[in-house]
Amino acid sequence: MRAWPTLGSKDKAGKPPIGAAWIVFRAALRDTWQDLLTTGVVNLSWLLLNVLVVTGPPATLALFYTTNRVARGEAVGPSDFFRVLPRYFGLAWRWGALQIVALALLAGDIYLSGRLGGDSLLGRLAQGFYVGALAIWVLFQLYVLPFLFEQQEPVLRHALGNGLRMMSTNPVFSIVLGVLVLVALFVGTVLFLLSVAAGGFLVALVGNHAVLDRLQAAKEETP
């Protein structure tokens, strides 16, 4: 297994976790606006395919595949997104089924803890716990999906394990990155609904840049 950087301190590139998260986010922003045609077509296609439900998970994997290539500095166009849609259909729905189960359980726990707990402190704490677990799960996917395309084989269980290890060893980096994404999506929504046109593309780029950055930091720290 790859050795991960211990991000309680600086890595060999001299980047503390907050600074590293900002560099990753800035790179994702740059790549989002570098080719507005690709960004807009891919992002809006991803949104429309999610409306159809059955094509939602394959569209999400195609989105992360496309942005993985962008993050690597490769030439990418809308055709790459559509070309890869059928390739990972089965894998995408294995990931999608896991999301449905996990999100349904967490949403149900949030609802039930609120109803059963009422206004009690214990009920609020339980609901807050499940809300936090939901946020962590969603943030976790920013690592899982890029790992599918960084591994030798796109095996979901390996991506889940790698994503878990990366997130658990980079807690500050992950939290800061999540906050930056939320702020960007909020601002983009307020400013002429830019998040609708480019939000998904930006989020996928953030995930891919984050994984590439942490893998590079791990490589630099390996003796």
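Scroll up for the structure.
Looking now at the pattern of salt bridges. Under the definition given, this model contains six salt bridges. Between E150 and R72 there is a salt bridge, with the nearest N and O atoms lying 2.5 Å from each other. Taken together, the residues E150 in the loop between helix 6 (121–148) and helix 7 (156–169) and R72 in the loop between helix 3 (56–71) and helix 4 (78–84) connect sequence positions 78 residues apart. Between D213 and R214 there is a salt bridge, and its shortest N-O distance comes to 2.4 Å. Here D213 falls in the buried class, since its relative accessible area comes to 13%. With a relative accessible area of 0%, R214 lands in the buried category. Several salt bridges share partner residues, and in doing so they unite R69, E74, D80 and R83 into one network.

Glancing now at the layout of surface pockets. Considered as a void within the structure, the largest pocket measures approximately 850 Å³ in volume. In terms of lining, the largest pocket is formed by 33 residues, of which the most central are V138, L139, Q141, L142 and V203. Counting only elements with at least two residues in the lining of the largest pocket, the list comes to helix 2 (36–51), helix 3, helix 5 (89–117), helix 6, helix 8 (171–190) and helix 9 (194–221). Residues that form the lining of the largest pocket fall into these classes: 24 nonpolar, nine polar and no charged. Put simply, the second largest pocket is a space of about 180 Å³.

What follows deals with the nonpolar core. If you look at soluble globular proteins, the nonpolar side chains tend to sit buried side by side. Core analysis: the largest hydrophobic core is formed by 53 residues, its most contacted members being L61, F81, F173 and L177. Tallying contributions element by element places helix 6 first for this core, with nine residues.

Looking at the secondary structure, you find N68 in helix 3. Residue class for N68 comes out buried when judged on its relative accessible area of 5%. C-alpha separation for the pair N68 and L145, spaced 77 residues apart in sequence, amounts to 9.7 Å.

Glancing now at the packing of aromatic side chains. A full pass over the atoms with the stated rule returns seven aromatic pairs. An angle of 85° between the planes, with centres 5.2 Å apart, marks the rings of F81 and F82 as edge-to-face. Its relative accessible area of 0% is what places F81 among the buried residues. Three or more aromatic residues joined by ring pairs form one cluster here, namely Y65, Y88 and F149. R214 extends its terminal NZ or CZ atom over the ring of F173, reaching a point 4.7 Å from the ring centre.

Cut-offs applied
- Residues numbered from 1 in each chain as written.
- Predicted model: local features only at pLDDT ≥ 70, side-chain atom pairs only at ≥ 80, totals over all residues.
- Heavy atoms only, no water.
- Salt bridge = Lys/Arg side-chain N within 4 Å of Asp/Glu carboxyl O.
- Helix = DSSP H or I, 4+ residues; strand = E, 2+ residues; numbered from the N terminus.
- Buried < 20%, exposed > 50% of the residue type's maximum accessible area, 1.4 Å probe, protein only.
- 1 Å grid on protein atoms, 1.4 Å probe; cavity = no way out; pocket = protein on both sides within 12 Å on 5 of 7 lines; lining within 4 Å.
- Points joined across faces, edges and corners; volume = space filled by probe spheres on them.
- Nonpolar A, V, L, I, M, F, W, Y, C, P; charged D, E, K, R; others polar.
- Core = buried A, V, L, I, M, F, W, Y, C linked by side-chain atoms within 4.5 Å.
- Phe/Tyr/Trp six-rings, centres within 6.5 Å; stacked < 30°, edge-to-face > 60°.
- Lys NZ or Arg CZ within 6 Å of the ring centre and 35° of its normal.

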